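So the chains spell out like this:
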Amino acid sequence: MQLAWSEIPHNFGLCVSDACPMAAECLHRAAAALMPAPPASPALFIYVNHYYRLRAEQEGAPCPEYLPAAPVRMALGFRRVLDEELTHVGRQRAVSELKALFSGGGRFYDRKNGKTPLTPKEQEAVGRILASCGAAEPVEFDAYTELFDFDLRLTSEEIPGNQGI
């Protein structure tokens, strides 16, 4: 699967650092390399501050913004689990917790029905909630696909019960 400029979200940070030791495998750098030349390029874009990366490097840590430039397995929907594996009470509790996780009904329904893919972090959070409500472990989602993970949704700090994802 090849990354295309048209797939990159407008709010995804681009890295223009050639000095980064992780540049060859980083999604931020791969995205920047695809930016079209003017006039087709955007007038404004978000970039990863290279001083932030340098500070981490000086401390002996990897770039905190690094994302692998490879597709990951995204889940599409969890309607089957809600309808077939949970009791009525378990389903009510799961829906309530999942709506809270996704900050409202619209985002919940888009993910439940497979319109919005679930990132690996979201799969873990959803799986943990569904399992706590009675679903079989490991939770099997309705379908799966391979996509690039631009990590623009849940952060590990936002996931309830995070165990250091």
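Thoughts on the packing of helix H4 (residues 88-101) against helix H5 (residues 105-112)
Two elements in contact, H4 and H5, have axes whose closest approach is 8 Å; the angle formed by their N-to-C orientations is 115°. Mapping the contact onto sequence places Arg 91, Val 95, Leu 98 and Lys 99 in H4 and Gly 105, Phe 108, Tyr 109 and Lys 112 in H5. Among the residues forming the contact of H4 with H5, the class breakdown is four nonpolar, one polar and three charged.

Digging into the state of the cysteines
Disulfide: a covalent bond formed between the sulfur atoms of two cysteine residues. Enumeration over the complete set of coordinates arrives at zero disulfides. Looking at the unpaired Cys 63, the closest cysteine sulfur is the one in Cys 20, lying at 5.5 Å. When its relative accessible area of 15% is taken as the criterion, Cys 63 is described as buried.

Brief notes about the packing of aromatic side chains
Per the counting criterion, the structure on display carries four aromatic pairs. On the numbers, 6.0 Å between centres and 55° between planes, the contact of Phe 78 with Phe 108 is tilted. Separated by 30 residues along the polypeptide, Phe 78 in the loop between strand E1 (72-76) and helix H3 (79-85) and Phe 108 in helix H5 bring together distant segments of the chain. Here Phe 78 matches Phe 108 in class, with each residue buried. Among the aromatic residues, those joined into a cluster by ring pairs are Phe 78, Phe 108 and Tyr 109. A cation over an aromatic ring shows up here: Arg 73 above the ring of Tyr 144, its NZ or CZ 3.5 Å from the ring centre.

Rules used in this analysis
Residues numbered from 1 in each chain as written. Predicted model: local features only at pLDDT ≥ 70, side-chain atom pairs only at ≥ 80, totals over all residues. Heavy atoms only, no water. Axes fitted to C-alpha atoms, helices over the stretch in contact; angles between N-to-C directions. Helix = DSSP H or I, 4+ residues; strand = E, 2+ residues; numbered from the N terminus. Contact = heavy atoms within 4.5 Å. Nonpolar A, V, L, I, M, F, W, Y, C, P; charged D, E, K, R; others polar. Disulfide = S-S within 2.5 Å. Buried < 20%, exposed > 50% of the residue type's maximum accessible area, 1.4 Å probe, protein only. Phe/Tyr/Trp six-rings, centres within 6.5 Å; stacked < 30°, edge-to-face > 60°. Lys NZ or Arg CZ within 6 Å of the ring centre and 35° of its normal.

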